[in-house]
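Descriptive structure summary
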Amino acid sequence: MNVSYTYIDGKAIIFDENGNQVPINYYNNLDDVLIQENVIETIENKIKELGNIKILPKKRFIPFTTICATIVILVAPLILGLIFGINMYTTSVSTAFGEMNLFKMIAIICGVTIEPVAIITDILNHSIYNDFVKHNNAKVSELEFLKSKLIKEKEKLNSLKKESFECEEKKDFKTVKVNDIEELKQLKNMLLLYYDLGYNSKKYYTYQQQGKLRKKLAKKYSEEDIKLIEQYLEEKGPTLVKKQLKNLH
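Residue positions are counted from 1 within each chain, in the order its sequence is given. Where totals are concerned, whole chains, interfaces and linings use all residues; where local detail is concerned, this predicted model gives features only for residues with pLDDT of at least 70, and gives and counts side-chain atom pairs only at 80 or more. As a convention, hydrogens and water are excluded, and side-chain values are obtained from all of the structure's heavy atoms.

**Details of the nonpolar core**
Note the following rule: What makes a nonpolar core is a set of buried Ala, Val, Leu, Ile, Met, Phe, Trp, Tyr and Cys residues whose side-chain atoms join them at distances within 4.5 Å. Only protein chains enter the accessibility calculation, which uses a 1.4 Å probe. A residue is then buried if its area is under 20% of the maximum for its type, exposed if over 50%, and partly exposed in between. Put simply, DSSP H or I for four residues or longer makes a helix, DSSP E for two residues or longer makes a strand, and each gets a number counted from the N terminus.
Ranked by internal contacts, the top residues of the largest apolar core, which has 38 residues, are Tyr-5, Leu-30, Leu-146, Tyr-204 and Ile-229. Looking at this core, the elements that each hand over two or more residues are β1 (2-8), β2 (11-16), α1 (30-50), α3 (102-163), α4 (181-210), α5 (213-217) and α6 (223-248). Looking at this core, the element that brings in the most residues is α1, giving 9 residues.

Dropping the structure here:
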């Protein structure tokens, strides 16, 4: 990343974050070019960080814990009967609910103690899985935005370089910090927006179909951002929602 440059009599020495120095001839829009290079480098680094993440393939959630618990509840009395040599269907015991055979009594006890825990566990696992799918789709949304953004920013950099021409400043010496704070802040905000879009695309698409999208997002996003979200949902909403519905079933 470009950190600063020092101007000396028509020349500029550019410093990066590692302390490397690159001498060049000074030109009129050097500040803008260095900022643009930082934006591009930030985008490229983020793309590398995300890697080749893709929309997850269709995967139906199966409540394994509940299924296993149910099997245990049905099989446990039979196993105990074999171990102790007792006929679970004919041997009766007195309970607060009257006479019942051992099989029913043990099944009820296991069902009351094991089944609720298994069901709660599967509900939590399903919630965690759904959140994982949404998080993954949010990352895909970020990656698609970054790839598109990178093309535009490189075009902008090329235009800046075409408009540049060598010149000399009135000062003989000066040191200038590369002020890319605003541009990188805007990039970060756009990434947050696209992450949110990927994560909540199903919900936002539903709001849009119901005519509630603008009202729901008014406190969270600007008018310009809401228009971008509406355009995004019009173009990709049906496809993304269809994929996510497959993943969540």
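That covers the picture; the talk isn't over yet.
**A look at the layout of surface pockets**
If a probe as big as a water molecule is rolled over the atoms, it shows which places are left empty. Applied cut-off: Grid points spaced at 1 Å over the protein atoms alone were grouped into cavities, where a 1.4 Å probe fits but cannot get out, and pockets, open sets with protein on both sides within 12 Å along at least five of seven lines, with lining residues defined by an atom within 4 Å of a point. Grid points are joined across faces, edges and corners, and a volume is the space filled by probe spheres set on the points. In this classification, Asp, Glu, Lys and Arg are treated as charged, Ala, Val, Leu, Ile, Met, Phe, Trp, Tyr, Cys and Pro as nonpolar, and every other residue, Gly included, as polar.
Of the pockets and cavities examined, the largest pocket occupies roughly 330 Å³. Every residue lining the largest pocket is counted, 14 residues in all, and those nearest its centre are Phe-145, Ser-148, Lys-152, Tyr-194 and Leu-228. Of all the secondary-structure elements, those providing two or more residues to the lining of the largest pocket are α3, α4 and α6. It is α3 that provides the largest number of residues to the lining of the largest pocket, a total of 7 residues. Grouping the amino acids of the lining of the largest pocket by side-chain chemistry returns 5 nonpolar, 3 polar and 6 charged.

**Details of the pairing of strand β3 (residues 21-25)**
Worth spelling out the cut-off: Pairs of strands are assigned from DSSP output, requiring at least two bridges between the strands.
Sheet analysis places β2 next to β3, joined by 5 bridges and oriented antiparallel. Paired with Ile-14 across the strands is Val-22, a residue of β3. From the end of β2 to the start of β3, which pair antiparallel, there are 4 residues, and Gly-19 there has a positive phi angle of about 85 degrees.

**What about the side chain of Thr-6?**
Definition in use: We define a polar contact as two N or O atoms separated by no more than 3.5 Å, with the added condition that, inside protein, one atom must be a possible hydrogen donor and the other a possible acceptor, whereas residues neighbouring each other in sequence contribute only through side-chain atom pairs. Residue contacts are defined here by distance: any two heavy atoms, one from each residue, within 4.5 Å place the two residues in contact.
Here Thr-6 is to be found in strand β1. On the accessibility criterion, Thr-6 (9% relative accessible area) is buried. Within polar-contact distance, the side chain of Thr-6 engages the side chain of Thr-175 at 3.4 Å. Sequence-distant contacts of Thr-6, that is, excluding residues within four places in its chain, are made with Lys-11, Ala-12, Ile-13, Phe-15, Phe-173, Lys-174 and Thr-175.

**Points about the pattern of salt bridges**
Basically, it comes down to this: Salt bridges are counted wherever a side-chain nitrogen of Lys or Arg sits within 4 Å of a carboxyl oxygen of Asp or Glu.
The tally for this structure, following the rule as stated, stands at 7 salt bridges. Residue Lys-220 pairs with Asp-196 through a salt bridge whose shortest N-O separation is 3.1 Å. Of this pair, Lys-220 sits in the loop between α5 and α6 while Asp-196 sits in helix α4, and the two are 24 residues apart along the sequence. Salt-bridge contacts for Arg-214 lead to Glu-230; the nearest nitrogen and oxygen are separated by 3.0 Å. Here Arg-214 is found in helix α5, whereas its partner Glu-230 is found in helix α6, with 16 residues between them in sequence. On the basis of relative accessibility, which here comes to 18%, the residue Glu-230 falls in the buried class. When salt bridges that share partners are traced, they join Arg-214, Glu-223 and Glu-230 into one network.

**Brief notes about the packing of α1 against α4**
Keep this limit in mind: In this analysis, axes come from line fits to C-alpha atoms, helices being fitted only over the stretch in contact, and the angle between any two N-to-C directions falls in the range 0 to 180 degrees. Angles are sorted into four bins: roughly parallel if under 35 degrees, roughly antiparallel if over 145, roughly perpendicular if 65 to 115, and oblique for all others. By convention, the crossing between two helices is left-handed when the near helix turns anticlockwise from the far helix through less than a right angle, and right-handed when the turn is clockwise.
Two elements in contact, α1 and α4, have axes whose closest approach is 10 Å; the angle formed by their N-to-C orientations is 30 degrees. The orientation of α1 relative to α4 falls into the category roughly parallel. The two elements α1 and α4 cross, and the hand of that crossing is right-handed. Contacts between α1 and α4 involve Ile-35, Asn-38, Val-39, Thr-42, Ile-43 and Lys-46 from the first element and Glu-183, Leu-184, Leu-187 and Leu-191 from the second.

**Here we look at α4**
Heads up, the condition is: Here the bend at a residue means the angle between the axes of two seven-residue stretches, the one that ends at it and the one that starts at it.
Residue Asn-200 marks the point of greatest curvature in α4, where the axis turns by about 80 degrees. Looking one or two residues beyond α4, the residue adopting positive phi is Gly-211, at roughly 75 degrees.

**Observations regarding the pairing of β1**
Of all 7 residues making up β1, 5 are buried, and the element is well covered by its neighbours. Bridge count between β1 and β2: 6 bridges; the pairing is antiparallel. From the neighbouring strand, Ser-4 faces β2, where its bridge partner is Phe-15. The turn joining β1 and β2, which pair antiparallel and follow one another in sequence, is formed by 2 residues; a positive phi near 45 degrees is taken by Asp-9. Bridge count between β1 and strand β6 (residues 173-177): 5 bridges; the pairing is antiparallel. For Ser-4, the partnering residue across the bridge sits in β6 and is Lys-177.

**A closer look at the environment of Leu-228**
Looking at the element boundaries, Leu-228 is found in helix α6. As a C-alpha pair, Leu-228 and Tyr-194 span 34 residues in sequence and 10.0 Å in three-dimensional space. Sequence-distant contacts of Leu-228, that is, excluding residues within four places in its chain, are made with Met-190, Leu-193, Tyr-194 and Leu-197.

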